[in-house]
Amino acid sequence: MTALNFPAIRARQSETHTVLSFAALASELQKFALIERVARDAEGALSGFQRPQIAGHIREIRDYLEKPEAILPNPIVVAFTNSVKVKDERPDGRCTVEIDTAYGAPGLVVDGQQRLTALGQVEEKDFQVFVSAIICRDDEELRRQFVLINNTRPLPKSLIYELLPTVAGLPRRLGDRSVAAEIAARLNYDESSSLKGKIYQHTNPTGIIRDTAIQRVIINSMSDGVMREMIREPDGNDLSFRLISEFYRAVQFVFRSEWEEHTPKTSRLVHGAGIMALGYVMEVLALLDGARTWQEFSRGLACLVDGTAWTSGEWNFADSDRRHWKSIQNVNRDIVTLAQYLIGIVRADVKRRRSTPTDASADPKPPKVASAT
Amino acid sequence: MKFIFADSLDHVDPGYDFLRDRYSEGRTPYWDDAYPHEIMGYAPYKGMLVSRGIVGGAAVGGKYTEAQAMRFRRVGAREFLRLDKPQFKELPIFGDCGAFTYHKEDKPPYTPEDTAEFYDDAKFTHGCSVDHIIFDFDESLKGFEGGTEEARRRFEITLENASAFRSATAHMSGRFTPMGVIQGWSPGSMAEGARRLVSMGYDYLALGGTVPLKASQIKACLAAIRAVVPEKTQLHILGFAKADEIDTFGPFKITSFDTTSPLIRAFKDAKANYYLPTTSGKLEYYTAIRVPQALENPKLIRLAKRGSLKQEQLVSMEKDALAALRSYDRGEAQLDETLDIVLAYAAPAVMGAPLEELPDAKAVKDLGERYRRTLSDRPWRKCSCAICQALSIEVVLFRASNRNKRRGIHNLGVYNALVNQLPANSDRNDSTQFSSDSSQAERNAHSSFLCSASV
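Just so we're clear, the structure is a prediction, and the values are computed from it rather than from any experiment.

1. A short note on the overall build of chain A
Turning to step 1, where the next piece is worked out: Across its full length, chain A holds 14 helices and 14 strands.
Turning to step 2, where the next piece is worked out: Out of the 373 residues belonging to chain A, those deemed buried represent 47%.
Turning to step 3, where the next piece is worked out: Taking all contacts inside chain A whose residues are at least 6 apart in sequence as the whole, residues at least 24 apart take part in 68%.

2. Looking at the pairing of strand 5 (residues 177-182) of chain B
All names here are of chain B.
Turning to step 1, where the next piece is worked out: Among the 6 residues in strand 5, 5 count as buried, and that is most of the element.
Turning to step 2, where the next piece is worked out: For strand 4 (residues 126-128) and strand 5, the ladder comprises 3 bridges, and the chain directions are parallel. Within strand 5, the position partnered with Gly127 by the bridge is Pro178.
Turning to step 3, where the next piece is worked out: Of the pairings in the sheet, the one linking strand 5 to strand 6 (residues 204-207) comprises 3 bridges and is parallel in character. Each residue of the ladder has a partner; that of Gly180, found in strand 6, is Leu205.
Turning to step 4, where the next piece is worked out: Viewed along the sheet, the connection from strand 5 through helix 7 (residues 187-200) into strand 6 turns out right-handed.

3. Overview of the interface of chain B and chain A
Turning to step 1, where the next piece is worked out: Taken together, the contact between chain B and chain A spans 35 residues of the former and 41 residues of the latter.
Turning to step 2, where the next piece is worked out: Counting the surface lost from both chain B and chain A, the interface buries some 3,200 Å², and carbon and sulfur atoms represent 46% of this.
Turning to step 3, where the next piece is worked out: Looking at the side of chain B facing chain A, the largest losses of area belong to Trp31, Met70 and Arg74 of chain B, adding up to 22% of the total buried there.
Turning to step 4, where the next piece is worked out: Counting across the interface, chain B meets chain A through 4 salt bridges.
Turning to step 5, where the next piece is worked out: With its nearest N and O atoms 2.4 Å apart, the salt bridge here joins Asp63 of chain A to Arg22 of chain B.

4. Some words on the pairing of strand 9 (residues 107-111) of chain A
Residues and elements named next belong to chain A.
Turning to step 1, where the next piece is worked out: Counting buried residues along strand 9, 4 of its 5 residues qualify, which places the element largely inside the surrounding structure.
Turning to step 2, where the next piece is worked out: Both strand 3 (residues 33-34) and strand 9 contribute to a ladder of 2 bridges, which runs parallel. Paired with Leu34 across the strands is Leu108, a residue of strand 9.
Turning to step 3, where the next piece is worked out: Note: strand 6 (residues 76-80) against strand 9, 3 bridges, orientation antiparallel. Within strand 9, the position partnered with Val78 by the bridge is Val109.

5. Considering the packing of aromatic side chains
Turning to step 1, where the next piece is worked out: Going through the model one piece at a time under the given rule, you end up with 42 aromatic pairs over all chains.
Turning to step 2, where the next piece is worked out: Taken together, a centroid distance of 6.3 Å and an interplanar angle of 70° make the contact between Phe165 of chain B and Phe176 of chain B edge-to-face. Taken together, the residues span a long stretch of sequence, with Phe165 of chain B in helix 6 (residues 149-168) and Phe176 of chain B in the loop between helix 6 and strand 5 at a distance of 11 residues. Each member of the pair, Phe165 of chain B as well as Phe176 of chain B, is classed as buried.
Turning to step 3, where the next piece is worked out: By way of ring pairs, the aromatic residues Tyr30, Trp31, Tyr35, Tyr64, Phe72, Phe80, Phe118, Tyr119, Phe124, Phe165 and Phe176 of chain B are connected into one cluster.
Turning to step 4, where the next piece is worked out: Here the basic side chain of Arg228 of chain A rests over the ring of Trp31 of chain B, its NZ or CZ set 3.6 Å away from the ring centre.
Turning to step 5, where the next piece is worked out: Over the ring of Phe398 of chain B we find Arg290 of chain B, and its NZ or CZ is 4.0 Å from the ring centre.

6. Thoughts on the sheet that holds strand 10 (residues 128-135) of chain A
Residue and element names in this part refer to chain A.
Turning to step 1, where the next piece is worked out: Reading across from one edge, 3-9-6-10-2-1-8-7 is the order of the 8 strands in this open sheet, with mixed pairing throughout. Lying at the two open borders of the sheet, with one neighbouring strand each, are strand 3 and strand 7 (84-87).
Turning to step 2, where the next piece is worked out: In terms of strand pairing, strand 2 (residues 18-25) meets strand 10 through 8 bridges, oriented antiparallel. Looking at the pairing, Phe22 lines up with Val131 of strand 10.
Turning to step 3, where the next piece is worked out: Along the sheet, helix 4 (residues 139-150) contacts strand 6, strand 9 and strand 10; its crossing angle with strand 9, the most-contacted strand, is approximately 25°.

7. Considerations on the environment of Tyr64 of chain A
All names here are of chain A.
Turning to step 1, where the next piece is worked out: For Tyr64, the location among the structural elements is in helix 2 (residues 55-65).
Turning to step 2, where the next piece is worked out: Each C-alpha atom of the pair Tyr64 and Ile244 lies 33 Å from the other, and the pair is 180 residues apart in sequence.
Turning to step 3, where the next piece is worked out: Ignoring any residue separated from it by four or fewer positions in sequence, one finds Tyr64 in contact with Glu69, Ala70 and Ile71.

8. With respect to a positive patch on the surface
Turning to step 1, where the next piece is worked out: A cluster of basic residues, Lys299, Arg302, Lys305 and Arg306 of chain B, forms a positive patch on the protein surface.
Turning to step 2, where the next piece is worked out: Classification of Arg306 of chain B as exposed rests on a relative accessible area of 51%.

9. Remarks on the pattern of salt bridges
Turning to step 1, where the next piece is worked out: Counted under the stated rule, the structure contains 52 salt bridges over all chains.
Turning to step 2, where the next piece is worked out: For Glu141 of chain A, the salt bridge goes to Arg137 of chain A, with nearest N and O atoms at 3.8 Å.
Turning to step 3, where the next piece is worked out: Taking the relative accessible area as the measure of exposure, Glu141 of chain A reaches 6% and is therefore buried.
Turning to step 4, where the next piece is worked out: The exposure class assigned to Arg137 of chain A is exposed, which follows from its relative accessible area of 56%.
Turning to step 5, where the next piece is worked out: Among the charged side chains, a salt-bridge network with shared partners connects Asp21, Glu318, Arg326, Glu394, Arg399 and Arg403 of chain B.

10. Observations concerning empty space enclosed by the protein
Empty space among the atoms becomes apparent when a probe as large as a water molecule is rolled across them.
Turning to step 1, where the next piece is worked out: For the structure on display, the rule yields 4 cavities of 30 Å³ or more.
Turning to step 2, where the next piece is worked out: A volume near 50 Å³ is recorded for the second largest cavity.
Turning to step 3, where the next piece is worked out: Surrounding the second largest cavity, Tyr280, Val284, Gln340, Ile343 and Arg347 of chain A together with Met70, Arg73, Arg74 and Asp121 of chain B form its lining.
Turning to step 4, where the next piece is worked out: Contributing elements (two or more residues each) for the lining of the second largest cavity: helix 11 (272-289) and helix 13 (332-355) of chain A together with helix 3 (66-75) of chain B.

11. Focus on the layout of surface pockets
Turning to step 1, where the next piece is worked out: Approximately 1,400 Å³ is the volume attributed to the second largest pocket.
Turning to step 2, where the next piece is worked out: Looking at the second largest pocket, it is lined by 44 residues, and the ones nearest its centre are Arg52, Ala59, Pro109, Tyr110 and Asp114 of chain B.
Turning to step 3, where the next piece is worked out: If you list the elements that add at least two residues to the lining of the second largest pocket, you get strand 13 (314-318), strand 14 (321-324) and helix 13 of chain A together with helix 2 (52-55), helix 3, helix 5 (112-121) and helix 6 of chain B.
Turning to step 4, where the next piece is worked out: Counting residues per element, the lining of the second largest pocket draws most heavily on helix 13 of chain A, at 9 residues.

12. Brief notes about the domain arrangement of chain A
Turning to step 1, where the next piece is worked out: Domain annotation of chain A identifies domain 1 (3-150) and domain 2 (157-355).
Turning to step 2, where the next piece is worked out: Taking the mean C-alpha position of each, domain 1 of chain A and domain 2 of chain A sit 48 Å from one another.

13. Focus: the domain arrangement of chain B
All names here are of chain B.
Turning to step 1, where the next piece is worked out: By the assigned domains, chain B splits into domain 1 (2-286) and domain 2 (290-399).
Turning to step 2, where the next piece is worked out: Centre-to-centre, using C-alpha coordinates, domain 1 lies 35 Å away from domain 2.
Turning to step 3, where the next piece is worked out: Taken together, the contact pairs 16 residues of domain 1 with 20 residues of domain 2.
Turning to step 4, where the next piece is worked out: Both sides together, the interface formed by domain 1 and domain 2 hides about 1,400 Å², and carbon and sulfur atoms give 62% of it.
Turning to step 5, where the next piece is worked out: Summed over the three residues of domain 1 that lose the most area to domain 2, namely Phe18, Tyr274 and Tyr286, the buried surface amounts to 43% of that side.
Turning to step 6, where the next piece is worked out: Applying the counting criterion to the domain 1 and domain 2 interface returns 2 salt bridges.
Turning to step 7, where the next piece is worked out: Where Arg399 meets Asp21, a salt bridge forms, and the shortest distance between an N and an O atom there is 2.6 Å.
Turning to step 8, where the next piece is worked out: Along the contact surface separating domain 1 from domain 2 lie 5 residue pairs in polar contact (both at pLDDT 80 or more).
Turning to step 9, where the next piece is worked out: Looking at the side of domain 1 that touches domain 2, the elements with two or more residues in it are helix 9 (261-268), strand 9 (274-277) and strand 10 (283-286).

Definitions and limits used
Per chain, the residues get numbers from 1 upward, laid out in the order the sequence is written. Chain labels run from A onward and ligand labels from 1 onward, assigned in the order the entries are written. Totals for whole chains, interfaces and linings use all residues, but because this is a predicted model, local features are given only for residues with pLDDT of at least 70 and pairs of side-chain atoms are given and counted only at 80 or more. Excluded from the side-chain calculation are hydrogens and water; included are all heavy atoms of the structure. Put simply, DSSP H or I for four residues or longer makes a helix, DSSP E for two residues or longer makes a strand, and each gets a number counted from the N terminus. Only protein chains enter the calculation, and the probe is 1.4 Å; a residue is then buried if its accessible area is under 20% of its type maximum, exposed if over 50%, and partly exposed in between. We call two residues in contact whenever any of their non-hydrogen atoms come within 4.5 Å of each other. Pairing between strands is defined by DSSP: at least two bridges between them are needed. With the strands aimed away from the viewer, a crossover counts as right-handed if its path from the first strand over the helix to the second runs clockwise. Two parts placed together each lose some accessible area under a 1.4 Å probe, and the buried area is that loss summed for both. The term salt bridge refers to a side-chain nitrogen of Lys or Arg lying within 4 Å of a carboxyl oxygen of Asp or Glu. Here is the rule: rings of Phe, Tyr and Trp (six-membered ring for Trp) pair when centre to centre is within 6.5 Å. Planes less than 30 degrees apart are stacked, more than 60 are edge-to-face, and the remainder are tilted. Any Lys NZ or Arg CZ that is within 6 Å of a ring centre and within 35 degrees of that ring's normal is treated as a charge sitting over the ring. Where helices are involved, their axes are fitted lines through C-alpha atoms of the stretch in contact, as for all axes, and angles between N-to-C directions lie from 0 to 180°. Patch rule: a residue counts if its relative accessible area is over 30% and it has no salt bridge; like charges are joined within 9 Å, and nonpolar side chains (Val, Leu, Ile, Met, Phe, Trp, Tyr) within 5 Å. Surface exposure here means Shrake-Rupley accessible area, sampled with a 1.4 Å probe, where a residue is shielded only by the protein chains that are shown. Positive charges are assigned to Lys and Arg, negative charges to Asp and Glu, while His and the chain termini are left out of the count. Just so you know, the charge point we use is NZ for Lys, CZ for Arg, CG for Asp and CD for Glu. Points on a 1 Å grid, built from protein atoms alone, make a cavity when a 1.4 Å probe fits but cannot get out and make a pocket when they are open with protein on both sides within 12 Å along at least 5 of 7 lines; residues with an atom within 4 Å of a point are the lining residues. Grid points are joined across faces, edges and corners, and a volume is the space filled by probe spheres set on the points. Domain extents, as shown, originate in an automatic or database domain assignment. What qualifies as a polar contact is a pair of N or O atoms within 3.5 Å, subject to a donor-acceptor requirement within protein and to the restriction that residues adjacent in sequence count only when both atoms come from side chains.

Okay, here's the thing in structure tokens:
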């Protein structure tokens, strides 16, 4: 009993190749399909074609497959050059495929090796998956199919991020991004948002502010800032949305002429670097001043007015570090430098306000943001 | 003599699943993780040191994420390190600039002023002036002689910065202790540096650039420094790499030193990576057993890429090695068979070639002997620390961060106990006092017990 039989359906696609589809158990797949990893022998001849497994990716798939609601609609593509027979073919394409495993697994996995490996690690259930089988003339043809099938273009990140909030049960890595994408989308479409219509998204290509920049502010705040506690409240998403909206409303109010009618090219304020650096200023004001409304944020930001160079002039980061306004780029180093510079001024101002008696009465001790422990 | 632990985000997932090799469900790194003082139930050190180079920022890319670095400054080091509990409140937090992270630069990327601001923002209790490492150490030089032009330039930068740093931190007096860093190219030049720091008003000095030096060279420097500074001047050794020779440093009256060595050795040292105290108050070292993750170990991935080993085959060898070790720990497998299975898998990971291609290699034999000693002595059974008690044999498996760092944290506990026991510390009455004759029951009674050999 070395032959495996599967009811299959054949699609008429090419005179030279046979293409079939059928369902098989993961354990059966492992009997008839091999993952041939690319390697060279001592003479340098190339064999196989698959890259090594990526542990993290496999783990993600496995976590998903262990769930009862898991499905895997896209097929594992297996190519054969021999040991396969198509029997009992009917005019409508229904047929039986017989695979002979007497001399080992005759098929090679062309697409889906990470999925297949993950399937092999799911011990609790034997999952049935679709197999697309290609019967090729020879090995060369088989390798050609591998290149063609795997040379696909990934979806644009911006589109994926935008779709994320509508998808449940994502791996954790995408889960955080999903909440951020949801809040960013709301900032773009909610009537009460200070950033309404201003965020670039796949579906809003006329937006000025990069969605990834505002998402980064949200992600940073959720991981290590004020939104970490906030998001756990019953109305966490609302609170977080309002916080960001109020903060950038204050930014627009305090730096009106550098915000309005500007693009990232003409003003670093609406550029990724400015948006992200200010995100850290928001954290300082939220922590030290307990600021939540745009008026409170505006008061904290006012001290910056004479020290910025969003649209012209230069930044005076240090005696030895003066930068033309345009030289600020969307790279970590610049964002951190800019943020530290702005925070330095804001902190000094908070201290000054606290030590001024008249202000102190109007400015009750800020609520301390609860520590995470 | 205080052992200060130089942290570099050294925390572990307390809910890590060692059988499935998975992080706990829904774990958020850092937030759900435990620092050594959290997982051990007591602090296996007398303070922590955080280097500005590790935190990172615009000038130097650190180990913290950008958002973590920002939070560190915002909420302060104590809250960040979670030393804000009552039992840790007294532990000092030292800061330094991490001069090794910028040793290739012409001058330090930090100013005394922005460093003072960094320490102030993050509320450090102690902080080092901005130094610049001097290489080319020559212990034969007398007094202030010798020193290349570059060495003398760095010497002056270090002292100018120290002077400016004192002024920049003057407003923090009472809540912050500034430390003047000594750099030099010889014992005499270091003594001169120390003398000048004392005359600036420093009463706590930190000896820098000792990492490449031998213990005897460090001692020569300390002797020269001690000869010129007042009796009451406190001394710290920065980045003390010779941590296991600390018992020979008594005569120099060191107040404190920082090191990360006991932790790092757990996964950087090829042989000595599990510490166990002996009854004579020394350390004994064991070799942890490598069972790398088949699909993640770079050497194994390289072998798979070249096609000399199949990944499916590696995965099954890995599974067998883990199963054999656990059976051995339960007393269900013999030492020899366990060792064979383990070596078949460990050899390619250590030597980068399958066992068949390494006939009679001496290295394999040595490795086998070291593993044999670890397995037959079962040191993890002799330690009663929280980690060894909970992990059993997993603690001696050299495998991914959660085991390796836990072994490192165990080492910290052993090491801290060793330092407490030194004559220089014998009169101190710490809550974590080492007691070699305490009974098992007594040790279990408080979580602040020490790893001690129950031999």
